[in-house]
Amino acid sequence: MSEGAALTGPDGAARCPWALSTPDYVTYHDEEWGRPVHGDDALFERVSLEAFQSGLSWITILRRRAGFRAAFADFKIAAVAAFTDEDRARLLADPGIIRNGAKIDATLANARVLADWAPGELDELIWSHAPDPSGRPVPKTLADVPAITPESTALSKALKKRGLRFVGPTTAYALMQACGLVDDHLETCVARGRG
């Protein structure tokens, strides 16, 4: 078996290797990762969580997602854009999230930027960077999955140009994977093509 190839789990289904390290990952892998996400608020949540994940393990974010949703008003852009200095102080003291000042500030700033966009504009901008799936080889092992692509670099530049923060090319590619713009489930993974 190739290094990083899909592995068979206890239920007999082959999955991307990272999905088998914890039951939380199995559920996230099977039910969410790589499936299309649309809607400005839903995409704002994903942009925000990917930014918080930067430098950390995704499982850390996944296990605190309920805390993030509670702390950030379910990532409703208009609500987060209205957060005050008192809200910022509350977030910095909230043990249910990652208390990183720069990432909290970026999330608040991003919400304020996005609050001025037309409805559907974030969705349209992000999805306009989805690559043509017919031009992408199906990954056989984890080594075949890139960390950055020309499309993620372009998405990062487009988001930054519009004033968003903590949206580098690697974060943008993780967003593309999580939100179904690309299908990076391995060739023999049970979730491949479920988008």
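Residues numbered from 1 in each chain as written. Predicted model: local features only at pLDDT ≥ 70, side-chain atom pairs only at ≥ 80, totals over all residues. Heavy atoms only, no water.

## Quick word on the overall build of the protein chain
Then step 1. Of regular secondary structure, the protein chain possesses 10 helices and 2 strands.
Then step 2. Listed by position from the N terminus, the elements making up the protein chain come as β-β-α-α-α-α-α-α-α-α-α-α.
Then step 3. Against the compact-globule benchmark of 16 Å for 195 residues, the protein chain has a radius of gyration of 17 Å, which places it among compact chains.
Then step 4. On the principal axes, the C-alpha backbone points of the protein chain span a range of 55 × 35 × 25 Å.
Then step 5. Counting across all 195 residues of the protein chain, residues that qualify as buried make up 47%. (Helix = DSSP H or I, 4+ residues; strand = E, 2+ residues; numbered from the N terminus. Rg over C-alpha atoms; globule rule 2.2 N^0.38 Å. Buried < 20%, exposed > 50% of the residue type's maximum accessible area, 1.4 Å probe, protein only.)

## Overview of the environment of Thr 188
Then step 1. Residue position: Thr 188 is located in the segment after helix H10 (169-178).
Then step 2. Along the sequence, Thr 188 and Lys 140 sit 48 residues apart, while their C-alpha atoms lie 7.4 Å from each other.
Then step 3. When near neighbours in sequence (up to four residues on either side) are disregarded, Thr 188 contacts Ala 6 and Ala 14. (Contact = heavy atoms within 4.5 Å.)

## As for the nonpolar core
Then step 1. Counting 45 residues, the largest nonpolar core has Phe 44, Phe 68, Phe 72, Leu 91, Leu 122 and Ile 126 as its most contacted members.
Then step 2. Look past the residues within four positions of Ile 126 in its chain and what remains in contact with it is Leu 43, Val 47, Leu 155, Leu 175 and Leu 181.
Then step 3. By size, the runner-up hydrophobic cluster in this structure holds 6 residues, among which are Ala 6, Cys 16, Cys 189 and Ala 191. (Core = buried A, V, L, I, M, F, W, Y, C linked by side-chain atoms within 4.5 Å.)

## Some details on unusual backbone geometry
Residues other than glycine predominantly adopt negative phi, and peptide bonds predominantly adopt the trans conformation.
Then step 1. Although it is not a glycine, Phe 75 sits at a positive phi angle of roughly 55°.
Then step 2. Following the sequence through the fold, Phe 75 ends up in the loop between helix H4 (65-71) and helix H5 (77-81).

## What about the UniProt feature "binding site: Zn(2+)" (unreviewed entry) in the protein chain?
Then step 1. Those places that UniProt annotates as "binding site: Zn(2+)" (unreviewed entry) correspond, in this numbering, to Cys 16, His 29, His 185 and Cys 189. The largest pairwise C-alpha distance within this set of annotated residues, which runs over 174 residues, is 10.2 Å, so the set is compact in three dimensions.
Then step 2. In this structure Cys 16 comes out as buried when scored by relative accessible area, which is 1%.
Then step 3. Beyond its immediate chain neighbours, meaning those up to four positions away, Cys 16 contacts His 29, Asp 184, His 185, Leu 186 and Cys 189.
Then step 4. Structurally, His 185 is set in the segment after H10. (UniProt positions renumbered as here; feature names shortened; annotations may be inferred.)

## Observations regarding H10
Then step 1. Burial analysis of H10 places 8 of its 10 residues in the buried class, the great majority of the element.
Then step 2. Taken as a whole, H10 has its buried residues at Thr 171, Ala 172, Tyr 173, Ala 174, Leu 175, Met 176, Gln 177 and Ala 178.
Then step 3. Phi turns positive one or two residues past the end of H10, at Gly 180, with a value near 80°.

## Details of the packing of aromatic side chains
Then step 1. A full pass over the atoms with the stated rule returns 10 aromatic pairs.
Then step 2. Measuring from centroid to centroid gives 5.4 Å for Phe 72 and Phe 75, while their planes differ by 15°, and the two rings are stacked.
Then step 3. Among the residues examined, Phe 75 registers a relative accessible area of 0% and is labelled buried.
Then step 4. In textbook terms, an aromatic cluster arises when at least three aromatic residues are bridged by ring pairs, as seen for Phe 44, Phe 52, Phe 68, Phe 72, Phe 75 and Phe 83.
Then step 5. Just above the ring of Trp 117 sits the side chain of Arg 162; from NZ or CZ to the centre is 4.0 Å. (Phe/Tyr/Trp six-rings, centres within 6.5 Å; stacked < 30°, edge-to-face > 60°. Lys NZ or Arg CZ within 6 Å of the ring centre and 35° of its normal.)

## Some remarks on the pattern of salt bridges
Then step 1. Taken as a whole and assessed by the stated rule, the structure comprises 12 salt bridges.
Then step 2. Between Lys 140 and Glu 187 there is a salt bridge whose closest N-O contact spans 3.8 Å. Linking Lys 140 in the loop between helix H8 (121-127) and helix H9 (150-161) with Glu 187 in the segment after H10, this pair joins segments that are 47 residues apart in sequence.
Then step 3. Given a relative accessible area of 49%, Lys 140 falls into the partly exposed group.
Then step 4. The network of salt bridges with common partners includes Asp 11, Arg 15 and Asp 30. (Salt bridge = Lys/Arg side-chain N within 4 Å of Asp/Glu carboxyl O.)

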